[in-house]
Amino acid sequence: MYMNLPHRAPRVFLRAMSVISALVFVAGAVPPALAGSLAPQTKIRLTVVQWIASKGQFERWDGIGGEYTVSDAGIVSLPFLGSLAVGNLDNEGLTKEIGKRLQAKMGLAQAPAVTIELLEYPPIYVVGDVTTPGQYSFRPGLTVLQSLAMSGGPRRAKDQEKTHSTQIVGELREINHSILRSTARLARLQAEMDGAQEITFDQATGADQQFAAGIYKEERIIFRARANALERQARAFTELRDLLTTEISTLEEKLTGADDNIKSVEDQLLSVKSLVQKGLTVSSRQLDLERLLTTYRSDKLDLVTAVMRGRQAISETTRNLEGLYDARRSEVAIEAQSERASLDQLKMKRDTTQKLLIEDLGSNDGIESLAEDLPLTFSVTRRNGGQIDQFQASETTTLAPGDVVRVVQPRILDSSLQTNSSRSSEAPALADRAGQ
């Protein structure tokens, strides 16, 4: 149905469209034959066999046979023969050319038998006002109408605009949820940097309270888990330092005992030396005391070394304990900085999405402003002999491999734009409510 047009306009318009449709139908009524040459992206299977008279049988040349694809430059790369330009050769011409080249290359008396099987044609492309534009497989005899069906049929503008608005609303809600998550994460990171015992969240306005409560609960769990992990690490370093301090105290007591032992042996050795000089005792007693004194002194050195290592370990543990908190603060600060940058990007994305939704609601809220659909028009772009030709087509036009079908759906604008403009003023409030 045509909407609010002058009573003569529909007749004139329909008469013009009838003439155009007739011309288009005549132009596309003659189905073009498939291109004789092998188009780029054509996939073929090559088979080469030769009759061996001495064996009385055929032998297949599997080294040359196989599946190949014609490149965009119209070249097939074959083993032994190298690159072969297809040019304007059709299936039969290419088989003869391959056989002739093999005969010349191998010095054969008779050319081998070559067969080529077409496995896959170049795809066609459907663009324009269709539901699913894109690339589709070609088969011989394919028509424009069939390609339209393959692409989901003509696009329904009204339904698509509604779907587009729904998609924007969904994106806006997801962005708002992401902003809520990012804000809650920043509150948790700030509490960690401040060394607080609890997290203080800002009350989210207009957000789903149940969703926000779930996010806050998760952040509190993460906050407590990270605090407990830090506390366990700090406690481990503290306990290690206390253990090392106790061990050093024990070693120092052993050092005191070692000094006493060394002093006692030195006194005994002094007395024995005097007796040995006077001939009152044997010299072996002196040697035993000297060996014992050497052992005591060596043990003392080991104890001194152990004390020094223990004190070094205490210093290292103290540094690790202090560095633990510094590293955590630095890590939290880096996370907070990255989160703030992410939050800024999310806010910018939200503003952009809200503007898109406002424009969409302002332009599409008045569905009566959309035009009634007119008959579809088709055009085909075809590569032919290295040149690109474009022509008008009809639903019955037969397609060739590699064709690009463009579908156009004309529209007539209604005179209700004033209603649209009045409704567009309500779009910002609708966008705000839709994003919540």
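Residues numbered from 1 in each chain as written. Predicted model: local features only at pLDDT ≥ 70, side-chain atom pairs only at ≥ 80, totals over all residues. Heavy atoms only, no water.

**Structural notes on the overall build of the protein chain**
And then number 1: Secondary structure summary: the protein chain contains eight helices and eleven strands in total.
And then number 2: Within the protein chain, the fraction of its 436 residues that count as buried is 31%.
And then number 3: The long-range share in the protein chain, meaning contacts at least 24 apart out of those at least 6 apart in sequence, stands at 68%. (Helix = DSSP H or I, 4+ residues; strand = E, 2+ residues; numbered from the N terminus. Buried < 20%, exposed > 50% of the residue type's maximum accessible area, 1.4 Å probe, protein only. Contact = heavy atoms within 4.5 Å.)

**What to know about the sheet that holds strand S8 (residues 134-136)**
And then number 1: Spatial strand order, S8-S7-S11-S9-S10: five strands in an open sheet with mixed pairing. The outermost strands of the open sheet, each flanked by one partner alone, are S8 and strand S10 (387-393). On average, each strand axis in the sheet is inclined to that of its neighbour by 25 degrees, with strand direction left out of account.
And then number 2: Pairing of strand S7 (residues 124-128) with strand S11 (residues 404-408), which is carried by four bridges, proceeds in the parallel orientation. Considered in S11, the bridge of Tyr 125 is made with Val 404. (Pairing = 2+ DSSP bridges. Axes fitted to C-alpha atoms, helices over the stretch in contact; angles between N-to-C directions.)

**Some points on the environment of Tyr 68**
And then number 1: Within the element layout of this structure, Tyr 68 appears in strand S3 (residues 66-69).
And then number 2: When the C-alpha positions of Tyr 68 and Thr 42 are compared, they lie 8.4 Å apart, and in sequence the two are 26 residues distant.
And then number 3: For Tyr 68, the contacting residues outside a window of four places in its chain are Thr 42, Lys 43, Ile 44, Leu 46, Val 76, Ser 77, Leu 78 and Pro 79.
And then number 4: Engagement of the side chain of Tyr 68 in a polar contact is seen with the backbone oxygen of Ile 64, the distance being 2.4 Å. (Polar contact = N/O pair within 3.5 Å; in protein donor to acceptor, adjacent residues only side chain to side chain.)

**Observations regarding the pattern of salt bridges**
And then number 1: Counted by the stated rule, this structure contains 21 salt bridges.
And then number 2: As a salt-bridge pair, Lys 96 and Glu 92 come within 3.3 Å of each other at their nearest N and O atoms. Of this pair, Lys 96 and Glu 92 are both found in helix H2 (residues 91-106), four residues apart, which corresponds to roughly one turn of the helix.
And then number 3: Owing to a relative accessible area of 53%, Lys 96 belongs among the exposed residues under this scheme.
And then number 4: In this structure Glu 92 comes out as partly exposed when scored by relative accessible area, which is 48%.
And then number 5: Among the charged side chains, a network of salt bridges with common partners joins Arg 188, Glu 192, Glu 219, Arg 226 and Glu 335. (Salt bridge = Lys/Arg side-chain N within 4 Å of Asp/Glu carboxyl O.)

**Describing the pairing of strand S1 (residues 43-52)**
And then number 1: Of the two faces of S1, the one holding Ile 44, Leu 46, Val 48, Gln 50 and Ile 52 is buried and the one holding Lys 43, Arg 45, Thr 47, Val 49 and Trp 51 is not buried anywhere.
And then number 2: Sheet topology places S1 next to S3; four bridges connect them, and they run antiparallel. Among the inter-strand pairings, Arg 45 is bridged to a residue of S3, identified as Glu 67.
And then number 3: Strand direction decides the pairing type here: S1 and strand S6 (residues 113-120), joined by seven bridges, are antiparallel.

**Remarks on the packing of aromatic side chains**
And then number 1: Per the stated rule, a full pass over the model turns up two aromatic pairs.
And then number 2: When the centroid spacing of 5.3 Å and the interplanar angle of 75 degrees are considered together, the rings of Tyr 121 and Phe 138 count as edge-to-face. Placement of the pair is Tyr 121 in the loop between S6 and S7 and Phe 138 in the loop between S8 and helix H3 (144-150), with a sequence separation of 17 residues.
And then number 3: Tyr 121 sits in the partly exposed class, given a relative accessible area of 24%.
And then number 4: For Lys 105, the ring lying beneath its charged end belongs to Phe 80, and the centroid distance is 5.9 Å. (Phe/Tyr/Trp six-rings, centres within 6.5 Å; stacked < 30°, edge-to-face > 60°. Lys NZ or Arg CZ within 6 Å of the ring centre and 35° of its normal.)

**Brief notes about the side chain of Thr 42**
And then number 1: Within the secondary structure, Thr 42 is located in the loop between helix H1 (9-29) and S1.
And then number 2: Non-local contacts of Thr 42, meaning those with residues more than four positions away in its chain, are made with Tyr 68, Thr 69, Val 70, Leu 118, Glu 120 and Pro 122.

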